[in-house]
Amino acid sequence: MEILQCLEKHGERLDAEIAAETGMPLATVRERAAELAAAGAIMTCNVTRFEDGGRTEGWLYRISGYIPPAAPGRKPKRPA
């Protein structure tokens with residue numbers, strides 16, 4: 001439930017971010033997230049990010065059925 005609460009609060013998060021916020025070990029976060037994904041409560045995606053010349057690999061989680069809000073600003077017009 002801690003993982004679901006974290007995702008409800010922040011939207012999508014990396015496994016390392018969830019582990020840091022909840023205080024759980026990374027392996028425990030991945031195990032519990034796998035159970036939630038099998039039940040269909042969350043969606044998972046394997047992600048590689050490059051920050052400051054370093055490579056970070058992890059799992060990205062978000063609640064199933066959640067669509068992030070559109071970015072602020074002007075939107076392109078659809079052709080008629």
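Everything below is about the structure shown above.
This structure is a prediction, so every number in the text was calculated from the model and none was measured.

(A) Structural detail: helix H1 (residues 2-10). Listing the buried residues of H1 in full gives Ile3, Leu4, Cys6 and Leu7. Buried residues along H1 cover an arc of 160° about the axis, so they all sit on one side. Across H1 from its buried face, at more than 90 degrees, point the exposed residues Gln5, Glu8 and Lys9. On its buried face, H1 is in contact with strand E1 (13-14), helix H2 (15-22), helix H3 (26-39), strand E2 (42-51) and strand E3 (54-63).

(B) Expanded view of the pattern of salt bridges. As enumerated under the stated definition, the model contains four salt bridges in all. The partner of Arg13 in a salt bridge is Glu17, with the nearest N and O atoms 4.0 Å apart. Glu57 is paired through a salt bridge with Arg55; the nearest N and O atoms lie 2.9 Å apart. The network of salt bridges with shared partners includes Arg13, Glu17 and Glu21.

Reading the values: the criteria
Residues numbered from 1 in each chain as written. Predicted model: local features only at pLDDT ≥ 70, side-chain atom pairs only at ≥ 80, totals over all residues. Heavy atoms only, no water. Buried < 20%, exposed > 50% of the residue type's maximum accessible area, 1.4 Å probe, protein only. Helix = DSSP H or I, 4+ residues; strand = E, 2+ residues; numbered from the N terminus. Arc of directions from axis to C-beta. Contact = heavy atoms within 4.5 Å. Salt bridge = Lys/Arg side-chain N within 4 Å of Asp/Glu carboxyl O.

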